[in-house]
Amino acid sequence: MMRNDPKLALIVSDSAKAQAGAAALRHSHSWVPPEEADVLVVLGGDGFLLHILHELLDSGELKPVYGMNLGTVGFLMNGQHDHVPIAQRIREAHRVPVRPLCMQATTQDGRKFSYYAINEVSLLRETRQTAKLEVRINGRMRMEELAGDGVLVATPVGSTAYNLSANGPILPLGSRMLALTPLSPFRPRRWKGAILPESAEVEFRVREPKKRPVAAVADQKEVRDVSTVRIIATAEMELTLLFDPGYTLEERIFAEQFQV
């Protein structure tokens, strides 16, 4: 909970719904430019919020973010409560730390790429050929060959997204764990994945890369024809999301486990 009134910046999605919802809010508070703000108030959906969070990661200016849902799902967002002043909502908000994953990918021709992921890093086959991946954890071989459509590593925030649709486990916030989930595995046929400590260093090596090319995706940033991918969670780039009391992300992740 914030005791003093921080300087706020308003960032609005280009969607008609977000622009319409922002009209009244623009006149209800004295806003400052984003570079001068202590907190960013983001109007839109989950996709737009993730876009803003990635901009913060790319710039290194890690400011708390308060999202208001004017999109579709709004899993990472707060609801609209027009009767409560925005400054009061920010003061009373709970802070949720989010540690992104750092993906370091090397392509078959030796190029190196580094991107952050807030939800997950996924490795996906590029052709009809099954992907074959070697799995190492903390430098130790854990699986000589995982054959299937691919594999992903998800954070607790991302555990209810792509990971859940692939039958991966939901991870509570604060668990400091990662979900390692196979995508349509063919061999080992009955392997359901693993839950790893956040401190784990995960490395994938692509087997038969010319015959079975694989792409690596950090949220929405893709690197094609990879040979190795290394993934670590990074505390140095920890983000902060703000949530209304009783409307916390932790409660929503908890509730997801009882959906039928």
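Heads up: the structure comes first, above all this text.
Remember, predicted model here, so these are calculated numbers, not experimental data. (Residues numbered from 1 in each chain as written. Predicted model: local features only at pLDDT ≥ 70, side-chain atom pairs only at ≥ 80, totals over all residues. Heavy atoms only, no water.)

Caption draft 1: Broad picture of the side chain of T228. Among the structural elements, T228 can be located in strand β15 (residues 226–233). Sequence-distant contacts of T228, that is, excluding residues within four places in its chain, are made with Q104, A105, T106, E203, F204 and R205. (Helix = DSSP H or I, 4+ residues; strand = E, 2+ residues; numbered from the N terminus. Contact = heavy atoms within 4.5 Å.)

Caption draft 2: Summary view of the packing of aromatic side chains. Under the counting rule described, the total for this entry stands at one aromatic pair. Pairing F113 with Y115 gives two aromatic rings, centres 6.4 Å apart and planes at 20 degrees, and the pair type is stacked. Judged by its relative accessible area of 25%, F113 is partly exposed. With a relative accessible area of 24%, Y115 lands in the partly exposed category. (Phe/Tyr/Trp six-rings, centres within 6.5 Å; stacked < 30°, edge-to-face > 60°. Buried < 20%, exposed > 50% of the residue type's maximum accessible area, 1.4 Å probe, protein only.)

Caption draft 3: Region of the structure containing the sheet that holds strand β4 (residues 94–98). Taking strand neighbours across the sheet as the criterion, the five strands line up as β1-β2-β3-β16-β4 in an open arrangement whose pairing is mixed. Each edge of the sheet is formed by a strand with only one pairing partner; in this case those strands are β1 (8–12) and β4. Within this sheet the neighbouring strands show an average axis-to-axis angle of 30 degrees, counted without direction. The pairing of strand β2 (residues 39–44) with strand β3 (residues 65–69) spans five bridges and is parallel. Of the residues in β3, the one forming a bridge with L40 is V65. Across the sheet, helix α1 (residues 16–26) lies against β1, β2 and β3, angled at about 155 degrees from β1, the strand it touches most. (Pairing = 2+ DSSP bridges. Axes fitted to C-alpha atoms, helices over the stretch in contact; angles between N-to-C directions.)

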